[in-house]
Amino acid sequence: MKQKAPAYVIGHITIKDPAKWDQYRSRVPDTLEGWGGELVLRGKRVTVLGGEHAHTDTVVLRFPDIDALNGWFNSPVYQALIPLREQAADVVLISYES
């Protein structure tokens, strides 16, 4: 039986409303419960070493597998946060399997 590969969400972020962004960020960790998700990195861009990248912040989340990642993203709890996220920041979320 093939072991499932970890899956990641990488978010590229440009904050529009810092107060709303703080509200959103404070609520995301609770949405990870039950999906095995964990915050790997929250960081601010220091330097673009090659190419172009317009966003200022990045987040990386790790999940046990792509099914858990998709379950989290599509869960009613996380979906309820999307309107706040859209008011707070311009965000590109991308999923990856390792």
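Cut-off values and rules
Starting afresh in each chain, residues are numbered from 1 along the sequence in its written order. Residue-level local features of this predicted model are given only where pLDDT is at least 70; pairs of side-chain atoms are given and counted only at 80 or more, and the full residue set underlies all totals for whole chains, interfaces and linings. Only heavy atoms go into the side-chain values, all of them from the structure, while hydrogens and water stay out. Think of a 1 Å grid over just the protein atoms. A cavity is a set of points where a 1.4 Å probe fits yet cannot get out, a pocket is an open set with protein on both sides within 12 Å along at least five of seven lines, and lining residues have an atom within 4 Å of a point. Grid points are joined across faces, edges and corners, and a volume is the space filled by probe spheres set on the points. Where helices and strands are cited, they refer to DSSP runs of H or I of at least four residues and of E of at least two residues respectively, numbered from the N terminus. Under the convention adopted here, Pro, Cys and the residues Ala, Val, Leu, Ile, Met, Phe, Trp and Tyr are nonpolar, Asp, Glu, Lys and Arg are charged, and Gly plus all remaining residues are polar. Nonpolar core, defined: a set of buried Ala, Val, Leu, Ile, Met, Phe, Trp, Tyr and Cys residues in which side-chain atoms within 4.5 Å join the residues together. Relative accessibility under 20% of the residue-type maximum defines a buried residue, over 50% an exposed one, and the middle range a partly exposed one, all with a 1.4 Å probe and only protein chains included. Residues count as neighbours in contact if any of their non-hydrogen atoms are within 4.5 Å of one another.

Student: Hey, could you go over the layout of surface pockets for me, with residue numbers and the actual values?
Tutor: There is about 270 Å³ of room inside the largest pocket. For the largest pocket, the lining is made up of 20 residues, of which Ile-13, Trp-21, Arg-25, Arg-42 and Val-59 are closest to its centre. Of all the secondary structure elements, the ones that give two or more residues to the lining of the largest pocket are α1 (18-32), β2 (38-44), β3 (57-63) and β4 (89-97). It is α1 that provides the largest number of residues to the lining of the largest pocket, a total of six residues. For the lining of the largest pocket, a count of residues per class yields 13 nonpolar, two polar and five charged.

Student: Kindly report on the nonpolar core, identifying the contributing residues and their values.
Tutor: With 19 residues, the main nonpolar core has Val-9, Trp-21, Tyr-24, Leu-61, Phe-63, Trp-72 and Tyr-78 as its most contacted residues. The set of elements that each furnish at least two residues to this core consists of β1 (7-15), α1, β3, α2 (66-74) and α4 (82-88). The element that contributes the greatest number of residues to this core is α1, accounting for four residues. Other than its neighbours up to four places away in sequence, Val-9 contacts Val-59, Val-60, Leu-61, Phe-63, Leu-69, Trp-72, Leu-93 and Ile-94.

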